[in-house]
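# A look at the structure
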Amino acid sequence: MKNQQRRAEGQYEQQQYEAAQQQAQIDAAAQQAAAQYATAPSAAPGADDMIAKLQQLSTLHDSGVLSDAEFATAKQKLLS
């Protein structure tokens, strides 16, 4: 019984570690995407360029790379 419990705890810890690693990768990708959109050019971007960037943000959000909050922040930076 104790052996099964230790094995289950070990599996749980391994899953938690893998989840943390995956979340760290997602966070890094989201930060990189948000930073890319935070540096807006000094001249106002064209409407087509703005639409393309919004679509790219939406794609990142839909694929799970950006959380709802990260998407909203990046979108706000892009639109301001």
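Remember, predicted model here, so these are calculated numbers, not experimental data.

### Overview of helix H2 (residues 47–62)
- With 16 residues, H2 extends 22 Å from end C-alpha to end C-alpha; this agrees with the ideal 22 Å at 1.5 Å per step.
- Gly64 occupies a position one or two residues after H2 and carries a positive phi of about 90 degrees.

### Some details on the pattern of salt bridges
- Counting across every chain of the model gives one salt bridge.
- For Lys53, the salt bridge identified is with Asp49, shortest N-O distance 3.6 Å. Separated by four residues within a single helix, Lys53 and Asp49 lie in helix H2, roughly one turn from each other.
- Using a relative accessible area of 35% as the deciding quantity, one classes Asp49 as partly exposed.

### A few points about the confidence of the model for the protein chain
- Summary statistics for the protein chain give a mean pLDDT of 83 and a share of 89% for residues scoring 70 or more.
- Across the protein chain, the secondary-structure element scoring lowest on mean pLDDT is H2, at 85, and the one scoring highest is helix H3 (residues 68–79), at 88.

What counts, and where the lines are drawn
- Residues numbered from 1 in each chain as written.
- Predicted model: local features only at pLDDT ≥ 70, side-chain atom pairs only at ≥ 80, totals over all residues.
- Heavy atoms only, no water.
- Helix = DSSP H or I, 4+ residues; strand = E, 2+ residues; numbered from the N terminus.
- Expected span 1.5 Å × (residues − 1).
- Salt bridge = Lys/Arg side-chain N within 4 Å of Asp/Glu carboxyl O.
- Buried < 20%, exposed > 50% of the residue type's maximum accessible area, 1.4 Å probe, protein only.
- pLDDT = per-residue confidence, 0-100.

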